[in-house]
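Below, each chain spelled out in residue letters.
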Amino acid sequence: MKKFYGLILLALLLIIPLGVHAEVEEMFNSCTTGSDGSKTCSIGAVTDSTSIIVSLTEEGGATIDETSIVSTGSWIVSSVTKSGSTYTFTITGTDTGEVDLFKFSYKPSGETDCRVLIDLDGKTESVTPDTPKNEEKTPTGKCVYNKDGYFINGEAVTEEEYNNECPKTGVSLPFVAIGTIALLAGGAYVATKNKTKMYKI
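In this text, all values refer to a predicted model and were calculated from it rather than measured experimentally.

Residues and numbers for a negative patch on the surface, please.
A cluster of acidic residues, Glu 23, Glu 25, Glu 26, Asp 48, Glu 98 and Asp 100, forms a negative patch at the surface. Taken together, the elements giving at least two residues each to the negative patch come down to strand E1 (24-33) and strand E8 (97-107). The exposure class of Glu 26 is partly exposed, given its relative accessible area of 45%.

Structure, rendered in structure tokens:
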């Protein structure tokens, strides 16, 4: 009987941690630029947690305004501590799923490696002044055509310029070649079929 209760206790100990496991599944951000050049960024996530440890690290001369780290939605930012160039704090909330967590402002330095590195329970994301996460980049490559238009070496061009510089390579060529080979093979088969028959003597 003691073994039976021991097994039940062991099973509960294994199941309970699985039930309370919480994590950040995805992180997202959007930033706006103020008249003084500073960036204000809103951070959100898809999470099943109600308590998240956050760190914001200044890199490349970026300067975070500590007083601008504020709560959004139902989440509350607890006291913020700074060590070196990293701010660490805990946010808690009652809502889960896709939620808005907090926002902060920082002043870009103008250096090429200027950014703020965000870490939410191990999920990391960089916010840079020139290429925020949600901003689409110009396509690169010799000849690129997509829903946004025509591009040659990353520069937008007209359709005529694109067609002159990037002639069509004949996407249907493989199908023509396959069809030709199939016709030749079929003709060769028919032509040699009668010659290879064995006749009774």
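That covers the picture; the talk isn't over yet.
Lay out the environment of Thr 124 with the relevant residues and their values.
You can see Thr 124 is positioned in strand E10 (residues 123-127). Relative accessible area serves as the criterion here: at 48%, Thr 124 is assigned to the partly exposed category. Measuring from C-alpha to C-alpha, the distance between Thr 124 and Val 54 comes to 9.9 Å, with 70 residues separating the pair along the chain. Not counting residues up to four positions away in its chain, the partners in contact with Thr 124 are Met 27, Leu 117, Ile 118 and Asp 119.

So what about the state of the cysteines? Which residues, and what values?
If you walk through the whole model with that rule in mind, you get one disulfide. Paired through a disulfide, Cys 31 and Cys 41 show a sulfur-sulfur distance of 2.2 Å. Judged by the sign of its S-S torsion, about 110°, the bond between Cys 31 and Cys 41 is right-handed. Residue Cys 31 is located in strand E1, and its partner Cys 41 is located in strand E2 (residues 39-47); the two are separated by ten residues in the primary sequence. Overall, the relative accessible area of 0% leaves Cys 41 in the buried class.

Tell me about the side chain of Ser 105, and name the residues and values.
With respect to the helices and strands, Ser 105 occurs in strand E8. Here Ser 105 falls in the buried class, since its relative accessible area comes to 17%. A polar atom in the side chain of Ser 105 sits 2.9 Å from the side chain of Thr 40. Dropping the residues within four chain positions of it, Ser 105 is found in contact with Lys 39, Thr 40, Thr 63, Ile 64, Asp 65 and Ser 68.

Go over the side chain of Thr 57, please, and point to the residues and values.
With respect to the secondary-structure elements, Thr 57 resides in strand E3 (residues 51-59). On the basis of relative accessibility, which here comes to 15%, the residue Thr 57 falls in the buried class. For Thr 57, the side chain forms a polar contact with the side chain of Thr 86, separated by 3.0 Å. In contact with Thr 57, other than residues within four places in its own chain, are Ser 85, Thr 86, Arg 115, Val 116 and Leu 117.

Outline the sheet that holds strand E4 (residues 63-71), listing residues and values.
Read across the sheet, four strands follow the order E1-E2-E8-E4 without closing on themselves; strand pairing throughout is antiparallel. In this open sheet, the two edge strands, each paired with only one partner strand, are E1 and E4. The average undirected angle you get between the axes of adjacent strands in this sheet is 25°. Looking at chain direction, E1 and E2 are connected through nine bridges and run antiparallel. Bridge pairing in E2 places Phe 28 opposite Gly 44.

What counts and what doesn't
Here the residue index of a chain counts from 1 through its sequence in written order. Local features in a predicted model are, by the rule used here, given only for residues with pLDDT of at least 70; side-chain atom pairs are given and counted only at 80 or more, and totals for whole chains, interfaces and linings are based on all residues. Side-chain descriptors were evaluated using all non-hydrogen atoms of the structure, hydrogens and water having been removed beforehand. Only residues whose relative accessible area exceeds 30% and that form no salt bridge are eligible for patches; like-charged ones are grouped when within 9 Å, while nonpolar side chains (Val, Leu, Ile, Met, Phe, Trp, Tyr) are grouped when within 5 Å. Only the protein chains shown count as covering a residue, and every accessible area follows the Shrake-Rupley method with a 1.4 Å probe. Just to be clear on terms, a salt bridge is a Lys or Arg side-chain nitrogen sitting within 4 Å of an Asp or Glu carboxyl oxygen. Positive charge is attributed to Lys and Arg, negative charge to Asp and Glu, and no charge count is given to His or to the chain ends. Charge positions are represented by NZ for Lys, CZ for Arg, CG for Asp and CD for Glu. To qualify as a helix, a DSSP run of H or I must reach at least 4 residues; to qualify as a strand, a run of E must reach at least 2; elements of each kind are numbered from the N terminus. Relative accessibility under 20% of the residue-type maximum defines a buried residue, over 50% an exposed one, and the middle range a partly exposed one, all with a 1.4 Å probe and only protein chains included. By the convention used here, residues are in contact when the closest approach between their heavy atoms is within 4.5 Å. Disulfides are defined as cysteine sulfur pairs within 2.5 Å. Counted as a polar contact is a pair of N or O atoms within 3.5 Å, where, for protein atoms, one must be capable of donating a hydrogen and the other of accepting one, and residues adjacent in sequence contribute only when both atoms are in side chains. Paired strands, as defined in this entry, are two strands with at least two bridges between them according to DSSP. Axes, fitted as lines to C-alpha atoms, cover a helix only where it is in contact. Angles between the N-to-C directions of the axes lie from 0 to 180 degrees.

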